[in-house]
Amino acid sequence: MHAKELFSLDGRVAIVTGGRGLYGAGISEGLCEMGATVVIASRNEQKCEELAAELRTKGHEAVGMALDLSDDASIAEFVKKVAQRYGKIDILWFDFSYDDMCGEKWKATELITMVRKYQPDVIIGTGGYASFPALYAGSRMGIPTCVHESNAVPGLTTKMAANKATRVLVCFEESAKHYKHPEKVQVVGMPVRREFLFTKKAEARKELGLDGRPVIVSAFGSEGAKAMNEAMLGLF
C-alpha cells in the first residue's frame with residue numbers, strides 16, 4: 001500500500017527537525033509521499049539540503065534549511081524564511097537529540113511562540129526531552145498531538161506527554177500496558193527509510209565494504225546503548 005492511500009497531505013507544509021537523523025530522513029520521505037511539502041531543518045544545512053535534493057529527484061517538494069535551537073537569531077531567521085516562502089506551517093515533527101537541546105540554551109519559548117502563531121494541524125514528538133514543551137503547548141492550545149516511542153518501555157518524557165497527547169504511537173503491542181490511557185495507544189512500528197526494507201543483502205555488504213565473514217550488529221538504544229555496545233566490543 002502506498003502511503004498516500006492512507007490519507008493525503010496535499011498542500012500541507014511540514015517542518016521536520018533532525019536532518020538525516022534516526023527519524024528525520026524516514027519521516028521526511030514519508031510525509032513527501034503523502035503529498036506534503038517538507039522543510040528539513042538542523043544545524044547542518046548542507047546535509048538537510050542533500051536529503052531534500054534526493055527527495056526532489058523522486059518528484060517530491062522538499063527543501064533543507066539551517067536551524068540552530070540554541071540561537072535566537074537562527075530560530076527567528078528560520079521562521080521568517082518559512083513564512084516568506086510558504087506562509088504557513090501545518091505539521092511540526094520534533095526529532096531532537098541531546099546535542100540539539102544544548103542544555104539550558106535550548107529556546108523552548110521560541111518554538112512555543114511559533115506554535116501559537118501558526119497553529120499547525122498536528123504536532124508530533126519522538127520522545128526526546130526537547131519535544132515536550134511543544135507537545136505540552138499544543139495540548140494546551142487544543143492542537144492534536146502525537147508522541148512516538150520506539151522503545152518497548154516508555155521513557156520519562158513519553159510518560160509525561162502521553163497523559164495529554166491525542167495519540168501515543170508505539171512499535172510493540174505489549175507496550176500499551178505501560179500507559180495510563182491504553183485506548184490512546186496505536187501500534188505503528190518504527191519509521192525507517194525505504195532502503196532498510198528493500199536493499200538486498202549482497203548490495204548492502206558491497207556498499208559497506210564487508211567480505212564473506214559473519215556480521216554481528218549491535219543496535220541497543222537509549223539508556224542501555226553505551227553499556228551494551230561496550231559489552232559487545234569486550235567479547236572480541
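The structure presented is a predicted model; accordingly, all values stated were derived computationally and were not measured. (Residues numbered from 1 in each chain as written. Predicted model: local features only at pLDDT ≥ 70, side-chain atom pairs only at ≥ 80, totals over all residues. Heavy atoms only, no water.)

Could you clarify how one ought to interpret the overall build of the chain in this entry?
The secondary structure content of the chain amounts to ten helices and eight strands. When each of the 236 residues of the chain is scored for burial, the buried share is 41%. Across the chain, every contact between residues at least 6 apart in sequence was considered, and the portion connecting residues at least 24 apart equals 53%. Put simply, the chain shows about 13600 Å² of open surface, and 55% of that area lies on carbon and sulfur atoms. (Helix = DSSP H or I, 4+ residues; strand = E, 2+ residues; numbered from the N terminus. Buried < 20%, exposed > 50% of the residue type's maximum accessible area, 1.4 Å probe, protein only. Contact = heavy atoms within 4.5 Å. Areas by Shrake-Rupley, 256 points an atom, 1.4 Å probe, with all protein chains shown as cover.)

Just checking my understanding: could you explain the pattern of salt bridges for this structure?
Opposite charge on two side chains lets them pair, provided their charged atoms get close. All told, the structure shown has five salt bridges when counted by the stated rule. Between Glu-49 and Arg-56 there is a salt bridge, with its nearest N and O atoms 2.3 Å apart. Its salt-bridge partner being Asp-211, residue Arg-213 comes within 2.9 Å of it at the nearest N-O pair. A residue is classified by how much of its surface remains accessible, and Asp-211, at 39% relative accessible area, is partly exposed. (Salt bridge = Lys/Arg side-chain N within 4 Å of Asp/Glu carboxyl O.)

Quick question: what am I supposed to make of the environment of Val-13 here?
With respect to the helices, strands and loops of the structure, Val-13 is situated in strand E1 (residues 13-17). Residues Val-13 and Glu-61 lie 48 residues apart in sequence; the distance between their C-alpha atoms is 9.7 Å.

Got a minute to help me understand the sheet that holds strand E4 (residues 91-94) in this structure?
Consider a sheet: its strands pair through backbone hydrogen bonds, and that pairing is either parallel or antiparallel. An order of E3-E2-E1-E4-E5-E6-E7-E8 is seen for the eight strands of this open sheet, with the pairing classed as parallel. Of all the strands in the sheet, just strand E3 (62-66) and strand E8 (185-187) have a single pairing partner and so form its edges. Strand-to-strand twist of the sheet, defined as the mean angle between neighbouring strand axes without regard to direction, takes the value 20°. This element, helix H1 (residues 24-33), spans E1, strand E2 (37-42), E3 and E4 of the sheet and lies at about 170° to E1. Along the sheet face, helix H2 (residues 45-57) touches E2 and E3 and points at about 180° away from the line of E3. (Pairing = 2+ DSSP bridges. Axes fitted to C-alpha atoms, helices over the stretch in contact; angles between N-to-C directions.)

So what exactly am I meant to see when it comes to a nonpolar patch on the surface here?
Residues Met-190, Val-192, Phe-196 and Leu-197 make up a contiguous nonpolar surface patch of about 410 Å² in total accessible area. If you trace the backbone, Phe-196 turns up in helix H8 (residues 194-198). (Patch = residues over 30% accessible without salt bridge, like charges linked within 9 Å, V, L, I, M, F, W, Y side chains within 5 Å.)

For this particular structure, what's the right way to read helix H6 (residues 132-140)?
Counting along an α-helix, one turn takes 3.6 residues, and residues three or four places apart therefore face a common direction. Regarding H6, the residues found buried are Pro-133, Ala-134, Leu-135, Ala-137 and Gly-138. Of the residues flanking the end of H6, it is Gly-142, one or two places downstream, whose phi is positive at about 80°.

Could you clarify how one ought to interpret the pairing of strand E7 (residues 167-170) in this entry?
Regular strands show a simple pattern: their side chains alternate between the two faces of the sheet. Sheet analysis places strand E6 (residues 145-149) next to E7, joined by four bridges and oriented parallel. Looking at the pairing, Val-147 lines up with Val-168 of E7. Following the backbone out of E6, through helix H7 (residues 156-162) and into the adjacent parallel E7, one traces a crossover that is right-handed. Here three bridges tie E7 to E8, and the two strands are oriented parallel to one another. From the neighbouring strand, Leu-169 faces E8, where its bridge partner is Gln-186. (Right-handed = clockwise from strand over helix to strand, strands pointing away.)

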